[in-house]
Amino acid sequence: MNISRKWLEAFLRQPLDTHDLTERLAMLGAPVDSVERSHAGLSDLVVGLVKDTQPHPDADRLSVCTVFDGQDDYQVVCGAPNVEAGKRYPFARVGTVMPGGFTIEKRKIRGLTSYGMLCSAKELELGEDAGGIMELATDADPGTGFLEALELDDECLEIDVTPNRPDLLGHKGVARELAAGYGIQFRLPAIEGDYPSVPAPVRADGAEGTTGGVRVAIEDPEGCPRFLGAVIRGLTVGPSPEWLRSRLEAVGTRSINNIVDATNYILMELGQPLHAYDLATLRGPAVIARRGVAGETVLTLDATERTVDGDMTVIADEDGAIGIGGVMGGETTEVRSSTRDIFVECASFQPSRIRRTRSSLGLSTDASFRFERGVDRWAAPDALRRCLEIILATAGGTLDGDPVDVWPEPTNPPRIFLRPARVRQVLGEEIPWEALEQYLVAIGATVVSKPDDGRMAVDVPGWRPDLREEIDLVEEVARMHGYQNFSSELRPFRVGRLPDAPSDVAARAVRRGLSAEGLYEVVTMPMHRGEGSESVPLLNPLSAEEAFLRRRLIPGLVREVERNWAHGVRDIRLYEVGTVFRMAGPGERPEEEIHVAGLISGRRHPRHWTDGGHSGDCAQWDVAALFQRAVALANPAATVQVEGGSWVAVSAAGSVVGRTERIDADAPPWAAPVYGFEVVLDPAERQSQRYRALPETPGSTRDVSLVLHHDATAEAVETAIRATRGTRLESVEVLSEFSGGDLPAGSRSVAFRLTFRDPERTLRDAEVDKAFRRILQAVQQQVGVAPRGVDGGAAGE
Amino acid sequence: MPTTRHDVVQQLQARLAGVDSMDEAALEREHVHVLGRKAGLLTAALKSISQLPIEERRTFGAELNQLRQRFESAFEARRRTMAQTVRSQEDDVDLTMPARTTWSGGIHPVTRVIDEIVEIFHRLGFAVAVGPEAETEWLNFGALNFPPDHPAMDMHDTLYLDVGGDPPEGERMLLRTHTSPVQIRTLQASPPPVRVVIPGTCYRNDTFDASHAPAFSQIEGLAVDEGITFVDLKATLIHFAHEFFSPDTKVRFRPSFFPFTEPSAEMDIGCLLCGGSGCRACKGSGWMEILGCGMVHPNVLKSCDVDPERYTGFAFGMGPHRITMLRYGIPDIRMLFEGDMRFLSQFGE
Ligand SMILES: [Zn+2]
C-alpha cells in the first residue's frame, strides 16, 4: 500500500517527520518497505521572479527576461508567449538537471546568452501543457524551492500491510492508527471546490430500490450483501484539478479523468472501491448484483473477454452481465470523455467469494485485493457521499434523487466480551480496566458496559473484520500498550516431557562422524526429474526438472561432483543427510526416509612432497571403509556384506538398507573415478555403548600365508578361522596379498595374523601352537585352503 | 696387596675423562659398569667403606660421593649433548616445507547454525522434535487456524503433491510450507508441559533466485504450559538473541500477523552490518527482521485437545538460511544448495 506523507498530514493536521513516521508505523504493525521522494528530479528547481521582460532584438517570438532567484538577477531568453513581468515561474538555473536527464547550461540564443530556463508543466513532467511556462500561483519568496512552494515536497511510503488489516489499505485507516499512537484527533481533509451537500442514501425495502430512474437490485445477497448507488446527470468529464491529481500521483496512481480519479481517490483514502458507469449504456436502466451463469461472458475494462461461473457475482443490467462484482468493471459501460450522465456504485462483496473469483480468473485488482480482505460495509454510505461530492465539485452536474442503499439483511459488527483476567493470563502483566478501555476506544471500538461478571462488552468497529474473538482484543491491548513496554525478565520454567527426537540425534551423530572422515556436508534441492513409478510427482512443479521428489540422494550429489569438475576441482568428498520420498498407496501419505549418502573422487590423501608428489586415488577400498562407517553410524543394526560386485548393508530383517556404487558420471579426462554409498538412517534410539575390560594378560600372535585358489574368499577363510572352537582366538587381521611368482595362475597368497589371548593367564607357546594348528586344519578341511609357509609369530603385541 | 684407595680413585677419574667421547651404547654400558647397583665400580667401592678404619671412612666416603656426583652429571651432560646433535641434524632440513595433512571435512554452514540455535534452546529446556515433510492440508493450514479462502494463504505459496486417489477436503497432500505442523503433532502426542524446537525443511512455490529457494530450512519453537505469557516469550527470545548474536544486540518486538499466534510479533535485531545507523541491508531502518513469534492461538490449542483456558504458550520460527547468509556474509542463497568444495571447505570443523 502506497501512503503519501502529505495526505496523512492533511488528516492529522500537523507536519510529520518521515523517519519518525516509519518508526511508528513499524511499531504499530505496518512496517515501511521503502520511502520514495515525490518528484525527486525537481529538487534543484526554485521559484524565479521575472522582474522585467523585453523583446529579443533578433527574434520575434523570443523575449529576454531578467529573472531574480532571491540573490542574483539572471538574463534568460524565453520562447513562451505567456511570460509576464512581476510573475513567478519554475526556474532552472545553470547546472540544474531536468527530469529528462539533461543539464541546463549557459548558451547563446540568437546572439544573447541565456543563463537558465523558465519551465513549462510538460518539461517538469507535471502535466501535458506545453503551450507556455508554468505560472505559479504562489507568493513564495524568489529562490524558494519549487517543490516546497507548490507543496509537492512529498514522500511516498510503501507499507507492508498484513492480510488481517484491510483498514490500513487507505489513508484514513493509517491516519487513525497514527492518531491513536500520537494521542491526537484526526479529520477527513476538506474537498476543494464548490459542491452541493449530498443527502444520506435512502434504505430501500428488501433487495431492490431505485435512484435517478435506475433500478438497483441484489439477487445474490451472499456474494453482495449491500449495494449503494446514485445518479449524477449533466456533468463534464475532463482533467482533474491540481489537488486531486497530485494526491493520486503522490501514491503512484495515474490521473485519468475527474470521474475515475474521484473513485480512485476514495479507494486510496477510505479503502472503498467504487465504480462509475456511463448511464447511457445501461440497459433498463438497471444495475443488478447476481450470480454469474455458467458460460456467460463479460468484456472487462482491460479489453479481455472473461467467462464467469455461478460462484462469481456479476453486475448486470437488464440484458446481461456488464462487470465482475468487486473485481473489475466492463468496457461497454465505461465512462468516456463524452459521457454526460453516470451511475456510481458503492457495494460490499463477500471476501472468500471474491478471492475464489479473482484466483480462478487470474485477475487481481485494487478492488479485489481490498474486498478479499474485507471492506467496511458500515462505512459504505459515507464513502459514496464523499465520492459524489468530489465528482460534483470537479465535474459539475446534479444529483438525480437521493442515493439508494440496498441492504436486504442488515447486520452489526460483532460484540466481544473481554476478561481482564484473560489479558493478564496471556500477556503476563496486569493492565488496569481504565487502560484497557482507553486502548480499545483508541482503535475505534465502543466499550458498551461493565457487566457484573467483570467482563467488558466491546463493540468492534466495522473496519476491523479481524476482531472476532476475545484473543483478538487481547492482541489489540498488547499493541496499544506497546510490545516494548512489557517486561522481558526470564522466569523459571518447567522443562518438557519429551526427549530429543532419536532420528535427529542419529542424524547429528552421522554428520559428526562423516565430517571427521574428511567429507563435507552438502544440502541439495529435494526436487528432481523423477526415477521410475515410485517417485512422488508434484501437482504444480516449478519446472519439469523439479517435477518429482527425490527417491535417493546420490543423483543430486553426482550433479555436485560435476559442478566441481566444471570448476576444475578434482578432489571431491561430499555427503548429504536428507529426506527421500516414495509413493505409497493412491491418495496416501508418501513414505519418507532419511538417507545418508556420500561420494568420493580424487586423491586418498592431500598431496605431500614427501610422497614425491604421488598419492594414489581413492579406490573401492576407500568407499568400503566409509560405507562401513556410515552404516555403523546410521544403521548400526545392519551388517555389511558383499553382493554382486559391491557392498550392501542388510538389516536384521534381511532387507537391503544401503549399498556402495561405482558412479558413471560425465567426467572430464583428468577426473578420478567416483565412488558412492547410500544408506537408510534408522530412526530408532541407539543402544548406549558399554565398556569392555582391558586385557591384563599378554597376547600371542601367529602369522600365516594361505594360498587361496579361484573363488575362495578372505571372508570364508576368516569365518572358518573364527568358527574353530576352544582356541582363545582374539582377532584376525589381513596383512598382505600376493599373486604371481611361483603361485599357480588364478591363485593368491593372503597373509593373516591371528592373535590369541586368555583373559585369566598368560598362554604358553605350546598351547598357542596347538590352537593355531587346529585352526589351519579346520581351514583346510572347510575351505580347502592351505598355508604357503608358516611363520612363527613374535610374542606380545 | 689389594688395590689401594688411591688406585680406585685414579681409575675412576680416568674413566670419567672418557665419558665425553662415548656414543650412546658405550654410555649405557659405562653407566652400568660404574654406577650399576649390583657390580658397579663405584657402588662396590662405597660398599667397601665399612671395612676401613673409622678415621678413613669419612674422607674416602666423601671422595667417592663426590666422584659419583661427577659421574652422574657427566653422563647427563653427555646424553643432553647427543640429543642436541640429533635435533640439530633434524634442524638441517627446510622446516618451511609444507606439513603432511589429512583431508578435513565439515558440517554445512546452515546445519551449523541450526545446531547452534538448538544448543541455545537446549539450555532453556527445549528438546528437538521432528515431523514429516509431506503433510496434509489440514495439518499445514486448517489445524493452525488458517481460514479457508483467506488472504493469509498468500503468504504460503504451496507445492501440492500428486499422490493419486481422491483425497477429501483437507486431506490433500502438500509439501509443508512451515515446520508448524509439527507443533500440532507434538501437542497431540504429548500433554503439556511441552518445550520443543523443530528444525526441518520446508517448501514454497518460489522461483530459485539469490534470495529465495523452493526448499529451505526453518526452525520453530513451541512452549506450552500453565502460566506461560507474552513476558516469557519476550524474555526467551531476547535471551536467544543475546546468546546467538552478542550480549549487547539490540532487540525489538513489533506487531505482526500469523494465523496460528495471537498476539503475533516480529522480532528485529539491530542491523548486523551498520549497527543501527541504516544501510542497504536493513533498508535504512537500522533493524533486521530475524524471527516471527507470538502466543499460541487458542484455536490451535483446541485442535490439539489442549484446554486454552488452562494452558497458554508461545511459538516462534526463523530461517536458518537467512541467518547463515547474514552471519557469514554470503550474498546468494543458491550457494548454500551447491556442493562446491571451494565454498564448503571454508566452513571446516
Ligand atoms: Zn543496516
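Computed from a predicted model, the values in this text were never measured in an experiment. (Residues numbered from 1 in each chain as written. Chains lettered and ligands numbered in written order. Predicted model: local features only at pLDDT ≥ 70, side-chain atom pairs only at ≥ 80, totals over all residues. Heavy atoms only, no water.)

*Asks:* So what's going on with the overall build of chain A? Residues and values would help.
*Replies:* Helix and strand counts for chain A stand at 17 helices and 40 strands. Here the C-alpha radius of gyration of chain A, 43 Å, is well above what a compact globule of 797 residues would show, namely 28 Å. Its C-alpha atoms give chain A principal-axis dimensions of roughly 125 × 85 × 60 Å. Considering chain A as a whole, with its 797 residues, one finds that 51% of them fall into the buried category. Contacts spanning at least 24 positions in sequence make up 67% of the contacts within chain A whose residues lie at least 6 apart. Averaging the coordinates of the 88 positive side-chain charges in chain A and doing the same for the 120 negative ones gives two points 6 Å apart. (Helix = DSSP H or I, 4+ residues; strand = E, 2+ residues; numbered from the N terminus. Rg over C-alpha atoms; globule rule 2.2 N^0.38 Å. Buried < 20%, exposed > 50% of the residue type's maximum accessible area, 1.4 Å probe, protein only. Contact = heavy atoms within 4.5 Å. Lys, Arg positive; Asp, Glu negative; His and termini not counted. Charge placed at Lys NZ, Arg CZ, Asp CG, Glu CD.)

*Asks:* Which residues make up the overall build of chain B, and what values go with them?
*Replies:* Tallying secondary structure elements over chain B gives 11 helices and 9 strands in all. Taken along its principal axes, the extent of the C-alpha atoms in chain B is 125 × 50 × 50 Å. Per-residue burial for chain B yields a buried fraction of 54% across its 349 residues. For chain B, the share of sequence-separated contacts (at least 6 apart) that also reach a separation of at least 24 residues comes to 66%.

*Asks:* Could you give an account of the coordination of the zinc ion, naming the residues involved and the relevant values?
*Replies:* All names here are of chain B. Binding of the zinc ion to the protein goes through C271 (SG), C274 (SG), C279 (SG) and C282 (SG), at separations of 2.3 Å. Taken together, the 4 donor atoms coordinating the zinc ion and their angles of 103 to 114° define a geometry best described as tetrahedral. Read N to C, the donor residues that coordinate the zinc ion are spaced as C-x2-C-x4-C-x2-C. Its relative accessible area of 21% is what places C274 among the partly exposed residues. (Donors = N, O, S within 2.8 Å, 3.2 Å for Na, K, Ca; no water. Tetrahedral: all angles 85-135°; square planar, octahedral: opposite > 155°, others 65-115°.)

*Asks:* Go over the state of the cysteines with me, naming the residues and quoting the values.
*Replies:* Per the stated rule, a full pass over the model turns up 0 disulfides over all chains. This cysteine, C65 of chain A, is not joined by any disulfide, and C78 of chain A carries the nearest cysteine sulfur, 4.9 Å off. (Disulfide = S-S within 2.5 Å.)

*Asks:* Lay out the packing of helix α2 (residues 18–28) of chain A against helix α4 (residues 171–182) of chain A in plain terms, naming residues and giving numbers.
*Replies:* Residue and element names in this part refer to chain A. Where α2 contacts α4, the axes come no closer than 11 Å and their chain directions differ by 95°. In terms of their interaxial angle, α2 and α4 are classed as roughly perpendicular. Contacts from D20, L21, R24, L25 and L28 of α2 reach α4 at V174, E177, L178, G181 and Y182. Tallied by class, residues from the contact of α2 with α4 come to 6 nonpolar, 1 polar and 3 charged. (Axes fitted to C-alpha atoms, helices over the stretch in contact; angles between N-to-C directions. Parallel < 35°, antiparallel > 145°, perpendicular 65-115°, else oblique. Nonpolar A, V, L, I, M, F, W, Y, C, P; charged D, E, K, R; others polar.)

*Asks:* Lay out helix α11 (residues 433–442) of chain A in plain terms, naming residues and giving numbers.
*Replies:* One turn of an α-helix holds 3.6 residues; hence residues three or four places apart share an orientation. Residues and elements named next belong to chain A. By the burial criterion, the buried members of α11 are W433, A435, L436, Y439 and L440. Taken down its axis, α11 places every buried residue within 165° of arc, on the same side. Turned more than 90 degrees away from the buried face of α11 sit E434 and Q438, all of them exposed. In the core, the buried residues of α11 are packed alongside β25 (415–418), α10 (420–427), β26 (446–449), β27 (456–459) and α12 (470–481). Residue G444 follows α11 closely and has a positive phi angle near 100°. (Arc of directions from axis to C-beta.)

*Asks:* Can you break down unusual backbone geometry residue by residue, with the values?
*Replies:* G284 of chain A connects to P285 of chain A through a cis peptide bond whose omega is -10°. Following P192 of chain B, the chain continues into P193 of chain B via a peptide bond in cis, with omega recorded as 5°. With phi around 50°, R13 of chain A is a residue other than glycine that occupies positive phi space. With respect to the element layout, R13 of chain A can be found in the loop between α1 (5–12) and α2. Using a relative accessible area of 47% as the deciding quantity, one classes R13 of chain A as partly exposed.

*Asks:* Go over the interface of chain A and chain B, please, and point to the residues and values.
*Replies:* The interface is formed by 98 residues belonging to chain A together with 107 residues belonging to chain B. Each partner contributes to the roughly 8700 Å² buried at the junction of chain A and chain B, and carbon and sulfur atoms together form 58% of this total. R563 of chain A is paired through a salt bridge with E338 of chain B; the nearest N and O atoms lie 3.3 Å apart. Inspection of the region where chain A meets chain B yields 51 residue pairs in polar contact (both at pLDDT 80 or more). (Buried area = accessible area lost by both parts, 1.4 Å probe. Salt bridge = Lys/Arg side-chain N within 4 Å of Asp/Glu carboxyl O. Polar contact = N/O pair within 3.5 Å; in protein donor to acceptor, adjacent residues only side chain to side chain.)

*Asks:* Hey, could you go over the pattern of salt bridges for me, with residue numbers and the actual values?
*Replies:* Residue and element names in this part refer to chain A. Across all of its chains, the model carries 80 salt bridges over all chains by this definition. The shortest N-O distance in the salt bridge between R226 and D405 comes to 2.6 Å. Note that R226 is positioned in strand β14 (residues 226–233) and D405 in strand β24 (residues 404–406), a separation of 179 residues in sequence. Owing to a relative accessible area of 5%, R226 belongs among the buried residues under this scheme. A salt bridge links R508 to D500, with the shortest nitrogen-to-oxygen separation between them at 3.7 Å. What you see here is one network of salt bridges that share partners, running through R165, D167, E177, R464, D466, E476 and R479.

*Asks:* Before we move on, can you summarise the packing of aromatic side chains with the specific residues and values?
*Replies:* Here the structure, examined in full by the defined rule, presents 24 aromatic pairs over all chains. Look at W243 of chain A and Y265 of chain A: their rings are 5.7 Å apart centre to centre, the planes differ by 80°, and that puts the pair in the edge-to-face class. Residue W243 of chain A is found in helix α5 (residues 242–250), and its partner Y265 of chain A is found in helix α6 (residues 258–270); the two are separated by 22 residues along the sequence. Its relative accessible area of 13% is what places W243 of chain A among the buried residues. Every member of this aromatic cluster is reached through a ring pair, and the members are F121, F126, F240, F244, F245, F314 and F316 of chain B. One cation-aromatic arrangement involves R455 of chain A over F417 of chain A; the distance from NZ or CZ to the ring centre is 4.1 Å. The ring of F244 of chain B has R327 of chain B lying over it, and the distance from NZ or CZ to the ring centre is 4.3 Å. (Phe/Tyr/Trp six-rings, centres within 6.5 Å; stacked < 30°, edge-to-face > 60°. Lys NZ or Arg CZ within 6 Å of the ring centre and 35° of its normal.)

*Asks:* Got a sec to walk through the nonpolar core? Specific residues and values, please.
*Replies:* Residues I391, L427 and L440 of chain A together with F121 and F316 of chain B are the most contacted members of the largest nonpolar core, which totals 157 residues. The biggest single contributor to this core is helix α9 (residues 380–395) of chain A, with 9 residues. Filtering out sequence-adjacent residues up to four positions away, F121 of chain B remains in contact with F126, V197, T236, L237, F240, F316 and M318 of chain B. Formed by 33 residues, the second largest nonpolar core is a distinct cluster that contains V231, L282, V327 and L363 of chain A. (Core = buried A, V, L, I, M, F, W, Y, C linked by side-chain atoms within 4.5 Å.)

*Asks:* Describe in detail α1 of chain A, supporting the description with residues and values.
*Replies:* Residues and elements named next belong to chain A. With 7 of its 8 residues buried, α1 lies for the most part within the structure. Regarding α1, the residues found buried are R5, K6, W7, L8, E9, F11 and L12. On its buried face, α1 is in contact with β1 (2–4), α2, β10 (155–159), α4, α5 and α6. Where α1 begins, the capping side chain belongs to S4, and its oxygen is found 3.3 Å from the backbone nitrogen of K6. Looking one or two residues past α1, R13 carries a phi angle of roughly 50°, positive in sign.

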